[in-house]
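# Observations on chain architecture
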Amino acid sequence: MAINRNVLTLDEFTIQELRNFPRATGELSTLLRDIGLAAKRVNVEVNKAGLVDILGDAGAVNVQGEDVKKLDVFANNQFIGVLQHGISCAGIASEELDDFVVFDDEVSNNSKYVVMFDPLDGSSNIDINVSIGTIFSVYRRVSEVGKPCTQEDFLQAGNRQVAAGYIIYGSSTMLVYATRRGVNGFTLDPSIGEFCLSHPDIKCPPSGKIYSLNHGNFYQYAPEVQQYIQACQKKDKNTGGPYTQRYIGSMVADVHRNLIKGGIFMYPATTDSKNGKLRLLYECNPFAFIAEVAGGKATDGTRRVLEITPTTLHQRTPFFIGSKDMMEELEGYLKQSQ
Ligand code: P6P
């Protein structure tokens, strides 16, 4: 008799992955389930943000010099909490914290992973009910297991990521994560309080018709970027278009849409910000890893983002990510300046 298999939950999926690797210790599966738990707790608050006094600035200013909203602080604490009390993580770095955090207890020091995250990206959109997200990145530590993790654990190139993912708190709440085996998306089913496999084996379409960037900065972009934007605007049905410009101003929402539908997202350098705005470690590297596993590409304009060796936790990088064919057309324009 056929067993009626319900849709796999995140927990069932990670355990199934574990069965495929008998030598695996289960630490990564446990870590991903911990992240899923924190995401569910954050989701509850995001969904009622307008109803309780959790909106508004917490009064503090984070390392980015931005007003910290209470939901940022809540989300940061939720992800730190599950990771610190889990069995898989030796320490974390967060967009909300100046420096990395060493958990420094016996179990944590014997853990083999470190995690970096932006707990609530796009938080300036909280008050206007636009989709926001959490972005995370998992590395195997390079420091000695059994001792506290060190800064070198957090300054690894993105191509050393073991896993990366994001949660999008939108019309539905989704958790998407990648390992080298593939990218899989899970949608939260509120009726059972579980993330359920809704988007197995996500692939980024090789091309698309959506281009995303802040047009308000147009005259601050390099000439070759302006030329690519104008080429996008001139596309018609004979040249793979017409293209649509879509930009929400919330990275997780913009990149997620283009990953699923095909498209290109750009946050180039500007005359005001020579390295752009987005952070390498916990915004660009995770999405670059996901995009490449899904068949897309991600560069800083000259090289793969995943090849950059970080020097500081909060460094920024110009960022271009999306469908392979669109990225290669962009690269043709960017090469004109090199
Ligand atoms: P701009 C949100 O503040 C964020 O960090 C990303 O989520 C988003 O893609 C970007 O900034 C938007 O920046 O300068 O276009 O408003």
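Residues numbered from 1 in each chain as written. Predicted model: local features only at pLDDT ≥ 70, side-chain atom pairs only at ≥ 80, totals over all residues. Heavy atoms only, no water.

## A short note on the sheet that holds strand 15 (residues 319-322)
Condition: In this analysis, strands are considered paired if DSSP registers two or more bridges between them. Working definition: helices are DSSP H or I runs of at least four residues, strands are E runs of at least two. Numbering for both runs from the N terminus. Throughout, a contact is declared for two residues whenever any of their heavy atoms are within 4.5 Å. To obtain an axis, a line is fitted to C-alpha atoms, over the contacting stretch when the element is a helix, and the angle between two such axes runs from 0 to 180 degrees between their N-to-C directions.
The five strands lie next to each other as 12-11-13-15-14, forming an open sheet whose pairing is mixed. What marks the edges here is a single partner per strand, and that holds for strand 12 (244-245) and strand 14 (297-299). Relative to strand 13 (residues 264-267), strand 11 (residues 210-212) runs parallel, the two being bridged by two bridges. Pairing of Ser 212 across the sheet is with Phe 265, part of strand 13. Along the sheet face, helix 6 (residues 223-234) touches strand 11, strand 13 and strand 15 and points at about 145° away from the line of strand 11.

## Considering the UniProt feature "binding site: substrate" (unreviewed entry) in the protein chain
Here is the rule we go by: UniProt positions are given in the numbering used here, feature names are shortened, and annotations may be inferred rather than shown by experiment. Each residue is assigned to one of three classes by its accessible area relative to the maximum for its type, calculated with a 1.4 Å probe on protein chains only: buried under 20%, partly exposed between the two thresholds, exposed over 50%.
Cross-referencing UniProt, the feature "binding site: substrate" (unreviewed entry) maps to Asp 121, Gly 122, Ser 123, Ser 124, Asn 214, Tyr 247 and Lys 277 in the present numbering. Tracing the backbone through its elements, the reader meets Ser 123 in the loop between strand 5 (113-121) and strand 6 (132-140). Structurally, the position occupied by Lys 277 is in the loop between strand 13 and helix 8 (280-293). Look at Lys 277 and you get partly exposed, because its relative accessible area is 43%. In contact with Lys 277, other than residues within four places in its own chain, are Tyr 267 and Arg 316.

## Notes on the sheet that holds strand 6
The mixed open sheet is built from eight strands, whose spatial order is 4-3-5-6-7-8-9-10. Only two strands of the sheet have a single neighbouring strand rather than two, namely strand 4 (101-102) and strand 10 (194-199). In this sheet, strand 6 lies alongside strand 5 in antiparallel orientation, the contact comprising seven bridges. By the bridge assignment, Met 116 is partnered in strand 6 with Ser 137. Strands strand 8 (173-179), strand 9 (182-189) and strand 10 of the sheet are contacted by helix 1 (residues 10-20), whose axis makes an angle of about 10° with strand 8. Sheet strands in contact with helix 7 (residues 251-261) are strand 5, strand 6, strand 7 (161-169), strand 8 and strand 10, and its direction is about 105° off that of strand 7.

## A closer look at the confidence of the model for the protein chain
Basically, it comes down to this: The score called pLDDT rates the predictor's confidence residue by residue, from a low of 0 to a high of 100.
Considering every residue of the protein chain, the mean pLDDT works out to 92; 93% of them sit at 70 or more. Interface scoring of the predicted complex returns ipTM 0.94; its pTM is 0.93.

## Observations concerning the environment of Lys 203
Assignment of secondary structure puts Lys 203 in the loop between strand 10 and strand 11. The class for Lys 203 is partly exposed, based on a relative accessible area of 49%. Along the chain, Lys 203 and Val 183 lie 20 residues apart, while their C-alpha atoms are 7.5 Å from each other. If near-sequence neighbours (up to four positions away) are discounted, Lys 203 is found in contact with Leu 259, Val 293 and Ala 294.

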